[in-house]
Amino acid sequence: MDQLTLGDELRDQGMAVATANSDPQLVKAVDAAIEVCAGRYPLFTADHVRDLVTVGMGYDGDIGRIIGARMNAAGRRRQITNTGMTTKSTRADAHSRRLLVWRRA
């Protein structure tokens, strides 16, 4: 197995673990937020999804891993697609982290 394949496999395992170990209601809320963002914004990031889940749905907690896992899953389902662009996060605790920019597929 080459390094890229191993890295992809480990990433996929990590996302599966994040999903399996999250509250099923949170998983549903993140999936719903992705759908809302895809319909509301021509371009969006994980920050848009996070804002909707934390502010709009009232969830308070560490949800970064589950958002990443569910956005990747939505991309694999061809619900959303990666534009190939990145932008800086606007969250103070993200320290200008680069985020993928997505759009409805």
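Residues numbered from 1 in each chain as written. Predicted model: local features only at pLDDT ≥ 70, side-chain atom pairs only at ≥ 80, totals over all residues. Heavy atoms only, no water.

## Comments concerning the packing of helix α2 (residues 24–40) against helix α4 (residues 64–76)
Here comes step 1: In the contact formed by α2 and α4, the axes pass within 10 Å of each other and the chain directions differ by 55 degrees. Judged by the inter-axis angle, α2 sits oblique to α4. When the axes of α2 and α4 are compared, the crossing they make is right-handed. Judged by residue contacts, L26, V27, V30, D31 and I34 of α2 engage I66, I67, R70, M71 and A74 from α4.
Here comes step 2: Across the contact of α2 with α4, the residue classes break down as eight nonpolar, no polar and two charged. (Axes fitted to C-alpha atoms, helices over the stretch in contact; angles between N-to-C directions. Helix = DSSP H or I, 4+ residues; strand = E, 2+ residues; numbered from the N terminus. Parallel < 35°, antiparallel > 145°, perpendicular 65-115°, else oblique. Left-handed = near helix turned anticlockwise from the far one by under 90°. Contact = heavy atoms within 4.5 Å. Nonpolar A, V, L, I, M, F, W, Y, C, P; charged D, E, K, R; others polar.)

## Structural notes on the nonpolar core
Here comes step 1: In terms of nonpolar packing, the biggest core is built from 18 residues, with V30, I34, F44, V49, V53, M71 and I80 touching the most fellow members.
Here comes step 2: Elements represented by at least two residues in this core include exactly α2, α3 (46–56) and α4.
Here comes step 3: Examining the composition of this core, we find that seven residues originate from one element, α2, more than from any other. (Core = buried A, V, L, I, M, F, W, Y, C linked by side-chain atoms within 4.5 Å. Buried < 20%, exposed > 50% of the residue type's maximum accessible area, 1.4 Å probe, protein only.)

## Some remarks on the layout of surface pockets
Here comes step 1: Approximately 220 Å³ is the volume found for the largest pocket.
Here comes step 2: Taken together, R11, M15, A46, G68, M71, N72, R98, L99, L100 and W102 make up the lining of the largest pocket.
Here comes step 3: Looking at the lining of the largest pocket, the elements with two or more residues in it are α1 (3–20), α4 and β2 (98–104).
Here comes step 4: Split by residue class, the lining of the largest pocket holds six nonpolar, two polar and two charged.
Here comes step 5: By volume, the second largest pocket is sized at about 180 Å³.
Here comes step 6: If you trace the second largest pocket, you find it lined by A46, D47, R50, G64, R65, I67, G68, R91, R97 and L99.
Here comes step 7: Those elements that provide at least two residues to the lining of the second largest pocket are α3 and α4.
Here comes step 8: With four residues, α4 is the single largest residue contributor to the lining of the second largest pocket.
Here comes step 9: Considering only residue class, the lining of the second largest pocket consists of three nonpolar, two polar and five charged. (1 Å grid on protein atoms, 1.4 Å probe; cavity = no way out; pocket = protein on both sides within 12 Å on 5 of 7 lines; lining within 4 Å. Points joined across faces, edges and corners; volume = space filled by probe spheres on them.)

## Description of unusual backbone geometry
The bulk of non-glycine residues show a negative phi, and the bulk of peptide bonds are trans.
Here comes step 1: Phi at H95 is positive, roughly 50 degrees, even though this residue is not glycine.
Here comes step 2: Its place among the elements puts H95 in the loop between β1 (80–88) and β2.
Here comes step 3: By relative accessible area, which is 68% here, H95 ends up exposed.
Here comes step 4: A positive phi angle, near 60 degrees, is found at S96, a position not held by glycine.
Here comes step 5: Relative to the elements of secondary structure, S96 occurs in the loop between β1 and β2.
Here comes step 6: Judged by its relative accessible area of 42%, S96 is partly exposed.

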